[in-house]
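Structure at a glance
Chain by chain, the residues:
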Amino acid sequence: MPILDNWTPEKAKKELCSRLQDAKRGRRKWEEIWKDNEKIVYGLDNNFQDELSGPITSQIDVEREKASEESNGIYVNYAMRDIRFMHSQMSANPPIVQPRPATPDAEDRRRADASDRAIRHGIRQYKMPDNFDRSNLNVLVYGTGIIKIFWNPYLGEVLDFDKKTGEITLEGEIDVSVPDLYNIFPDASCTSADKIRFVF
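The sections below set out a description of the structure shown in this document. (Residues numbered from 1 in each chain as written. Predicted model: local features only at pLDDT ≥ 70, side-chain atom pairs only at ≥ 80, totals over all residues. Heavy atoms only, no water.)

Counting its secondary structure elements, the protein contains 5 helices and 4 strands. Counting from the amino terminus, the protein carries its helices and strands in the arrangement α-α-α-α-α-β-β-β-β. Taken across its 200 residues, the protein has 20% of its residues classed as buried. Long-range pairs, those at least 24 residues apart, make up 47% of the contacts in the protein between residues at least 6 apart in sequence. As displayed, the protein has an accessible area near 15,200 Å², and 54% of this comes from carbon and sulfur atoms. (Helix = DSSP H or I, 4+ residues; strand = E, 2+ residues; numbered from the N terminus. Buried < 20%, exposed > 50% of the residue type's maximum accessible area, 1.4 Å probe, protein only. Contact = heavy atoms within 4.5 Å. Areas by Shrake-Rupley, 256 points an atom, 1.4 Å probe, with all protein chains shown as cover.)

Listed below in structure tokens is the structure:
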């Protein structure tokens, strides 16, 4: 039978430090792959073909050899070309949410219409197409894309101001962003997204 384990501040600090170190060790193997992907896609290093190996880089070497013989060393980065094509297709066909009434009843239709208006407002307000585009690009380059959505108490209109302490109380607002994957450390023991226990 599960038992609730109440953490003391000391135990919480020790446990969180241990989990963070495990997450860093688990992600380390992917960081090298991410760096290789960046070099392939963005051409960050002119000599990257000497440092990498595999089917993708082998094909790039072949293209470079052909280019050197035919056009004075000018070559086309087909990895970037293909990613730009796939990214444009994903941007042109974003996910769609369309509420539908469960019954022909007038009240259900009004609720579905209100939900649709709220969704459209959220898409515009929080610039969801831009966030999806950035996340999709991360998926294509790194294999993983994350959209962070949380309640930020430091956004929104001012509700109160304490002149003595200088403290400002804000109403809060939903905050949507696409974090840099190098700043994300997920649970290293998870095998799928729905089994992640924690993320740093």
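Structure's up, so let's keep going.
Once that is clear, we can look at the side chain of Asn136. Along the polypeptide, Asn136 turns up in helix H5 (residues 128–142). When its relative accessible area of 16% is taken as the criterion, Asn136 is described as buried. Sequence-distant contacts of Asn136, defined by excluding residues within four places in its chain, comprise His87 and Met90.

A word on the layout of surface pockets. In this model, the largest pocket occupies a volume close to 700 Å³. Forming the walls of the largest pocket are 26 residues, and the residues nearest its centre are Thr144, Ile146, Pro186, Cys190 and Ile196. Ranked by residue count, the leading element in the lining of the largest pocket is helix H1 (residues 9–42), at 8 residues. The residue inventory of the lining of the largest pocket, partitioned by class, reads 17 nonpolar, 5 polar and 4 charged. In this model, the second largest pocket occupies a volume close to 360 Å³. What lines the second largest pocket is a set of 16 residues, and nearest its centre among them are Pro94, Pro95, Ile96, Val97 and Ile123. For the lining of the second largest pocket, the elements supplying multiple residues, two or more each, are helix H3 (78–92), helix H4 (106–125) and H5. (1 Å grid on protein atoms, 1.4 Å probe; cavity = no way out; pocket = protein on both sides within 12 Å on 5 of 7 lines; lining within 4 Å. Points joined across faces, edges and corners; volume = space filled by probe spheres on them. Nonpolar A, V, L, I, M, F, W, Y, C, P; charged D, E, K, R; others polar.)

The subject of this paragraph is H3. For H3, with 15 residues, the first-to-last C-alpha span of 21 Å sits near the 21 Å given by 1.5 Å per residue. The complete set of buried residues in H3 reads Ala79, Ile83 and His87. Mapping the buried residues of H3 onto a view down its axis gives an arc of 60 degrees, with all of them on the same face. The exposed set on the far side of H3, more than 90 degrees from its buried face, consists of Arg84, Phe85 and Ala92. Contacts made by the buried residues of H3 are with H1 and H5. (Expected span 1.5 Å × (residues − 1). Arc of directions from axis to C-beta.)

Let us look at unusual backbone geometry. Unlike most non-glycine residues, Lys127 shows phi in positive territory, near 50 degrees. On the secondary structure map, Lys127 appears in the loop between H4 and H5.

Before going further, it helps to examine the packing of aromatic side chains. Tallying each qualifying case throughout the model produces 4 aromatic pairs. Judged by centre distance (5.5 Å) and plane angle (70 degrees), the rings of Phe198 and Phe200 are edge-to-face. Owing to a relative accessible area of 29%, Phe200 belongs among the partly exposed residues under this scheme. An aromatic cluster is built from Trp34, Tyr142 and Tyr182, whose rings are joined through pairwise contacts. If you follow Lys24 out to its NZ or CZ, it ends over the ring of Phe185, 5.8 Å from the centre. (Phe/Tyr/Trp six-rings, centres within 6.5 Å; stacked < 30°, edge-to-face > 60°. Lys NZ or Arg CZ within 6 Å of the ring centre and 35° of its normal.)

A few words on the environment of Ser91. Structurally, Ser91 is set in helix H3. With 46 residues separating them along the chain, Ser91 and Leu137 place their C-alpha atoms 9.7 Å apart. A polar side-chain atom of Ser91 sits 2.8 Å from a polar atom in the side chain of Asp133. (Polar contact = N/O pair within 3.5 Å; in protein donor to acceptor, adjacent residues only side chain to side chain.)

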